[in-house]
Amino acid sequence: MSIVFSLILLPVVVAVALLLIRGDQARGVLVVAGSILIGALSIYLTVRFFISGSANFNLNENYEALAEFVGYAMMAIEIVLAVVIFALGIKYKKYLASLLAVLQTPLMVWFEFSAGKDIEVEHALYYDQLSIIMALIIGIIGTLICVYALGYMKDFQHHHPDEPDRRPWFFFLLFLFLAAMYGIVFSNNLVWLYFFWEITTLCSFFLIGFTKTKEAVNNSFRALIMNLFGGLGFVLAIILLGRDSGTLELSGLVQIAAVYTSQVAAPLVLLVFAGITKAAQMPFNSWLLGAMVAPTPTSALLHSSTMVKAGVFLILKLSPAFLPTSSAPVSAAGTLAMMVGAITFLMASCAAISQSNAKRVLAYSTVANLGLIVTCAGTGMPGGIWAATMLIIFHAVTKSLLFLCVGTAEHNIGSRDIEDMDGLFGRMPRLALFMVIGIAAMFLAPFGMLVSKWAALESLIYSSNPLILLMVVFGSSVTVFYWGKWLGKMLAIVAKRDNIQQSVHKEEWASLGSLVALVIAACITFPAFSQKLVVPFIVSVYGGMVPLESIQFFLLGTENLYIMMIMVAVIILLPLLFLGKGRKKLAPIYLAGAGLDDNLKFMGSMQKETEFSLRNWYMEGYFAEKRMNLIGIIATVLVIVYVFASVLAVALRGGV
Amino acid sequence: MTVMEFESILKIAVPVAAYILFAPLLGGLLAGIDRKITARMQGRFGPPVLQPFYDVLKLLEKEAITVNSSQDFFVGCSLLFMIVTGCLFFAGLSLLLFIFALTTASMFLVAAAYSSNSPYAQIGAERELLQMMAYEPMVLIAAISLYIVKDMTFNIGDMVSSGVPAVILLPGVFLGFLYILTIKFRKSPFDLSMSHHAHQELVKGLTTEFSGKTLAMLEVAHWYENVFLLGFVFLFFANGTLAMAVVGVVVCLLAYFLEVFIDNVNARMKWQFALNSAWIVALTFGAANMLIVYYRLFGGGV
């Protein structure tokens, strides 16, 4: 248990130290040392896990006083934070935020002092395979982003010389975020989970608003309000669960759901709703897109290893409770997750086509992929959980790499527009190669994301909802288009470009290089991941409910996994085959006979030398961002209203 | 090694080897027949049936010229992945894996065209991406429908060896697949990304900047591709019996003839038509048929 505690507390200690330190050098040392320590501790936990298996911690035996103290401390912090949100809401005239703060925190406090007081939590903390996977993602990818931020924020400060240096605050928030994430993945006590959940909301609020421009403030409040809605759902779920079922444990909730499905229908739906807000699913996707105003490390952190992953983590943990049973053939919460996820996947993928801002493409792709994860988790079936977990892993590694690459490109070419990235191979060859690896890993066979998509398709056939299947089919076809055109733009070889790669900071290279290595390693070793962590997780979750053979049936066959591995190896070795064969005579490209032999200009009318430029296709007429969002929001709101109404109807019927 | 193991390896190795060796011959021959039929339809005598082979042999002798050093690499990868994709198909592995590998092979080609930074090649490349987006939903719907009617398996080997011929339950999916096959073969009215005849706004599209050996590789890749695409058509008929196998091969040839015919009676349409019509076909013929077999098996629906 001490490791779990230290994983939550160590980032807090580092965060506080970073808040106090002003010097560049000291901060660099502290961030790197802290990151290494946190990463090493996560790996140590993994090793411990492989030796002695998963663990549940009962604090009531020896640590009762400690547990009680932690409970009160959390409550005190929550109250302070509620006051802060209330005050900020008043100051910036965002009264909805203030209202939500005074609504949910008193509600929570009231519950904890009344009904909640008598409910005993047996296991407040735990870790299992899924926690280990998440801990590795947070501990390795999250910290790599923090290291990257060192170099990036130097540039950032350099670009904004008239701003006061608020980097201590920035790094404080980054590390606090990591601590909260550890809290989420290790807490079985829903009240604790809720506390960490709210901390991530607050951290993202401050990080998004970091630059304090008008846009940043507006977007940060949007993120805050949307996530406070989710938080309110969380509070209500806890209260209903405590009142009706007398438990405040995540594991207890899932166990009860297997037998008395209708009794926990409402809390499940509310928790899925909370997950949807945090995972930036439609209709709440706009907060994640707005989060782009923040410095790039923030986006990378929010999109890959923290925040949105907390949302899908919660839904994934609840997933076994969605398993259709004979008494409840359709799970309301499962339907909510599947429908909202599938609609989001389709509409966000479409919207990505119309974007030329690289960060917005990445953001829509994140929203879409999270949608797919939520959809898979919503099936409540072993295959769905397998696909969702694999998607989480691959998405975390790849998306963080891509965000950081775009951040570095932006600082060096002065633009984050994909149109400005043509010929990047000439200007920043190594960075371009990293980006190409990242993009290819997002959508091409035989890389990991595609393996997970494949598994998702297979498992969705059993979701008893073929419309979802259709949405995923169309969504994945659209995905190929937007990645393909970006990839093409990167690969275009434009004549006469100077190499400007030298100015990239070494911290940035270190992080980018490690992430590329992780992407490749993940693609090669994923069958091991599957066998050692994901499948045992599924077996432990479904052990009693589903026969073992049928679990195997839902997973991609091992032979398929090996074929994919061989294909990855072939792709890595391919360039070697063509090494040294490039000694051909070079000819200029065809420009209808008017080219000027430098591949940049042609002879226009009146003998005027004209430079040509090539632009990608954004298909506004089909996939205009506004329209895609509108359709998605209307559809998902209808789904949410429908599910809430039907659950409420059942509850009312039961009450009478 | 036991006899059983040996047999199961043979079962995979023989078709794969046959594919690698004979698919280009068959594909080249089909291309020659295509040109002959096309010529006759247009009132010309046409080239000899073996002309595609002569063309490729001639291309191989041309001087090695390129616009940049990375383009050849991508085209080579595209050919290699086309062959791999076909091998996955004829080894009887997962249909979904096959579809995804095909996407990768096509992406290499798109990458080659983009890398030239030539206006005509890049227009072709983007249109190729559009065509992929247009046909992919129907292909995936076909795969899922086959999965449902073939006793819940994506394994091509199992699909062709038992059950009822899929086309009986999936006539709509079959028609939808034939429709997008025109896009996949890049025949008029969907010869948007490249064309066998020079068009002024496109020149040769995707292939504008390829020459000599590179162009020859691309031709051969197409031959490989055409063979396994017709193999997909075959999936709708095969059920392990000789009679249905014969029917399947005949239908494949008819389908090919149909594509040639369509090519000759249509002018090129705008890209909007390709995208709209392919998605509408997928949503009506494809999706409707898929929903029917889905609800027939799992129950549910209204």
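Since the structure is predicted, the reported quantities are computational estimates derived from the model, not experimental observations. (Residues numbered from 1 in each chain as written. Chains lettered and ligands numbered in written order. Predicted model: local features only at pLDDT ≥ 70, side-chain atom pairs only at ≥ 80, totals over all residues. Heavy atoms only, no water.)

1. Some thoughts on the overall build of chain B
Piece 1. Along its length, chain B carries eleven helices and one strand.
Piece 2. Going residue by residue from the N terminus, the α and β elements of chain B occur as α-α-β-α-α-α-α-α-α-α-α-α.
Piece 3. Taking 2.2 N^0.38 as the reference for a compact globule, 302 residues should give roughly 19 Å; the C-alpha atoms of chain B span a radius of gyration of 20 Å, in line with that estimate.
Piece 4. If you line up chain B on its principal axes, its C-alpha atoms span 60 × 55 × 40 Å.
Piece 5. The buried share among the 302 residues of chain B stands at 61%.
Piece 6. When the accessible surface of chain B is summed, it comes to about 11,800 Å², and 71% of that surface belongs to carbon and sulfur atoms. (Helix = DSSP H or I, 4+ residues; strand = E, 2+ residues; numbered from the N terminus. Rg over C-alpha atoms; globule rule 2.2 N^0.38 Å. Buried < 20%, exposed > 50% of the residue type's maximum accessible area, 1.4 Å probe, protein only. Areas by Shrake-Rupley, 256 points an atom, 1.4 Å probe, with all protein chains shown as cover.)

2. A few points about the overall build of chain A
Piece 1. Scanning chain A from terminus to terminus reveals 26 helices and five strands.
Piece 2. Here the C-alpha atoms of chain A give a radius of gyration of 25 Å, agreeing with the 26 Å that 2.2 N^0.38 yields for 656 residues.
Piece 3. In terms of overall dimensions, chain A has a C-alpha envelope of 85 × 55 × 50 Å along the principal axes.
Piece 4. Per-residue burial for chain A yields a buried fraction of 64% across its 656 residues.
Piece 5. Put simply, 82% of the contacts in chain A that link residues at least 6 apart link residues at least 24 apart.
Piece 6. For chain A, the exposed area adds up to about 23,600 Å²; of that, 66% sits on carbon and sulfur atoms.
Piece 7. Computed over 40 positive and 35 negative side-chain charges, the inter-centroid distance for chain A is 8 Å. (Contact = heavy atoms within 4.5 Å. Lys, Arg positive; Asp, Glu negative; His and termini not counted. Charge placed at Lys NZ, Arg CZ, Asp CG, Glu CD.)

3. Some points on the interface of chain A and chain B
Piece 1. If you look at the interface, chain A gives 62 residues, while chain B gives 67 residues.
Piece 2. Each partner contributes to the roughly 5,700 Å² buried at the junction of chain A and chain B, and carbon and sulfur atoms together form 77% of this total.
Piece 3. On the chain A side of the contact with chain B, Phe474(A), Lys584(A) and Trp617(A) bury the most area, a combined 12% of that side's loss.
Piece 4. Summed over the shared surface of chain A and chain B, the number is one salt bridge.
Piece 5. As a salt-bridge pair, Glu63(B) and Lys585(A) come within 3.6 Å of each other at their nearest N and O atoms.
Piece 6. Between chain A and chain B we count ten residue pairs in polar contact (both at pLDDT 80 or more) in total.
Piece 7. Mapped onto the side of chain A that touches chain B, the elements with two or more residues apiece are helix H20 (448–460), helix H21 (466–491), helix H24 (558–577), strand E3 (585–586) and helix H25 (620–623) of chain A.
Piece 8. The pairing of E3(A) with strand E1 (residues 65–66) of chain B spans two bridges and is classified as parallel. Each bridged residue has a counterpart across the sheet, and for Leu586(A) the counterpart in E1(B) is Thr66(B). (Buried area = accessible area lost by both parts, 1.4 Å probe. Salt bridge = Lys/Arg side-chain N within 4 Å of Asp/Glu carboxyl O. Polar contact = N/O pair within 3.5 Å; in protein donor to acceptor, adjacent residues only side chain to side chain. Pairing = 2+ DSSP bridges.)

4. Topic: a negative patch on the surface
All names here are of chain A.
Piece 1. Together, Glu61, Glu64, Glu68, Glu120 and Glu122 give the surface a local cluster of negative charge.
Piece 2. Of note, Glu120 is situated in the loop between helix H5 (95–113) and strand E2 (125–127).
Piece 3. Under the relative-accessibility criterion, Glu120 is labelled exposed at 60%. (Patch = residues over 30% accessible without salt bridge, like charges linked within 9 Å, V, L, I, M, F, W, Y side chains within 5 Å.)

5. Quick notes on the side chain of Glu508(A)
Residues and elements named next belong to chain A.
Piece 1. Relative to the elements of secondary structure, Glu508 occurs in helix H22 (residues 506–542).
Piece 2. Buried charge Glu508 goes without a salt bridge, the closest partner of opposite sign being Lys154 at 8.6 Å.
Piece 3. Those residues within four positions of Glu508 in sequence are excluded, and the remaining contacts are Tyr148, Gly151, Tyr152, Asp155 and Thr408.

6. Let's talk about the confidence of the model for chain A
Piece 1. In this model, chain A carries an average pLDDT of 88, and 96% of its residues clear a pLDDT of 70 or more.
Piece 2. Taken element by element, the predicted model of chain A shows its lowest mean pLDDT in helix H23 (residues 548–554) of chain A (63) and its highest in helix H15 (residues 332–353) of chain A (95). (pLDDT = per-residue confidence, 0-100.)

7. Considerations on the packing of helix H6 (residues 129–159) of chain A against helix H13 (residues 296–305) of chain A
Residue and element names in this part refer to chain A.
Piece 1. Running from amino to carboxyl end, H6 crosses H13 at an angle of 170 degrees, the nearest separation of the two axes being 9 Å. With respect to H13, the axis of H6 lies roughly antiparallel. Across from Ile137, Ile138, Ile141, Gly142, Ile145, Tyr148, Ala149 and Tyr152 in H6, the residues of H13 making contact are Thr296, Pro297, Ala300, Leu301, Ser304 and Ser305.
Piece 2. For the contact of H6 with H13, the residue count by class is ten nonpolar, four polar and no charged. (Axes fitted to C-alpha atoms, helices over the stretch in contact; angles between N-to-C directions. Parallel < 35°, antiparallel > 145°, perpendicular 65-115°, else oblique. Nonpolar A, V, L, I, M, F, W, Y, C, P; charged D, E, K, R; others polar.)

8. Quick notes on the packing of aromatic side chains
Residues and elements named next belong to chain B.
Piece 1. Per the stated rule, a full pass over the model turns up 51 aromatic pairs over all chains.
Piece 2. On the numbers, 5.9 Å between centres and 20 degrees between planes, the contact of Phe190 with Phe273 is stacked. On the criterion of sequence distance, the pair formed by Phe190 in the loop between helix H8 (171–184) and helix H9 (212–235) and Phe273 in helix H11 (residues 271–298) is long-range, its members being 83 residues apart.
Piece 3. Each residue in the set Tyr19, Phe89, Phe90, Phe98, Phe174, Phe177, Tyr224, Phe228, Phe232, Phe236 and Phe237 is aromatic and connected to the rest through ring pairs, giving one cluster. (Phe/Tyr/Trp six-rings, centres within 6.5 Å; stacked < 30°, edge-to-face > 60°.)

9. Let's talk about the pattern of salt bridges
All names here are of chain A.
Piece 1. Counted under the stated rule, the structure contains 17 salt bridges over all chains.
Piece 2. A salt bridge links Lys317 to Asp128; the nearest nitrogen and oxygen atoms lie 3.0 Å apart. Here Lys317 is found in helix H14 (residues 308–318), whereas its partner Asp128 is found in the loop between E2 and H6, with 189 residues between them in sequence. This pair shows no difference in class: Lys317 is buried, exactly as Asp128 is.
Piece 3. When salt bridges that share partners are traced, they join Asp24, Arg27, Asp165 and Arg167 into one network.

10. Notes on the side chain of Asn188(A)
Piece 1. By the secondary structure assignment, Asn188(A) is in the loop between helix H7 (167–186) and helix H8 (190–208).
Piece 2. Setting aside chain neighbours within four positions, we find Asn188(A) in contact with His123(A), Ala124(A), Leu125(A), Tyr126(A), Leu248(A), Glu249(A), Leu250(A) and Ser251(A).

11. A look at helix H1 (residues 3–41) of chain B
Residue and element names in this part refer to chain B.
Piece 1. With 39 residues, H1 extends 53 Å between its outermost C-alpha atoms, agreeing within 8% with the 57 Å of an ideal straight helix rising 1.5 Å per residue.
Piece 2. The principal kink in H1, of about 45 degrees, is found at Phe22, preceding the proline Pro24 by one to four residues.
Piece 3. Just past H1, the residue Gly43 takes up positive phi, approximately 75 degrees. (Expected span 1.5 Å × (residues − 1). Bend = angle between axes of the 7 residues up to and from the residue.)

12. What about the packing of H14(A) against helix H16 (residues 358–379) of chain A?
Residues and elements named next belong to chain A.
Piece 1. Between H14 and H16, the shortest axis-to-axis distance is 9 Å and the interhelical angle comes to 10 degrees. For the element pair H14 / H16, the angle class is roughly parallel. In terms of crossing hand, the pair formed by H14 and H16 is left-handed. Taking contact as the criterion, the partners of Val308, Lys309, Val312, Ile315 and Leu316 in H14 are, on H16, Leu370, Ile373, Val374 and Ala377. (Left-handed = near helix turned anticlockwise from the far one by under 90°.)

13. Overview of the nonpolar core
Piece 1. If you look at the biggest cluster of nonpolar residues, it comprises 350 residues, and the most contacted ones within it are Phe186(A), Trp287(A), Trp486(A), Leu95(B) and Phe236(B).
Piece 2. In contact with Phe186(A), not counting residues within four places along its chain, are Val4(A), Leu7(A), Ile8(A), Leu45(A), Ala124(A), Leu125(A), Tyr126(A), Tyr127(A), Ser131(A) and Ala135(A).
Piece 3. Judged by nonpolar contacts, the second largest core, of 13 residues, contains Ile85(A), Leu88(A), Ala97(A) and Phe205(A). (Core = buried A, V, L, I, M, F, W, Y, C linked by side-chain atoms within 4.5 Å.)

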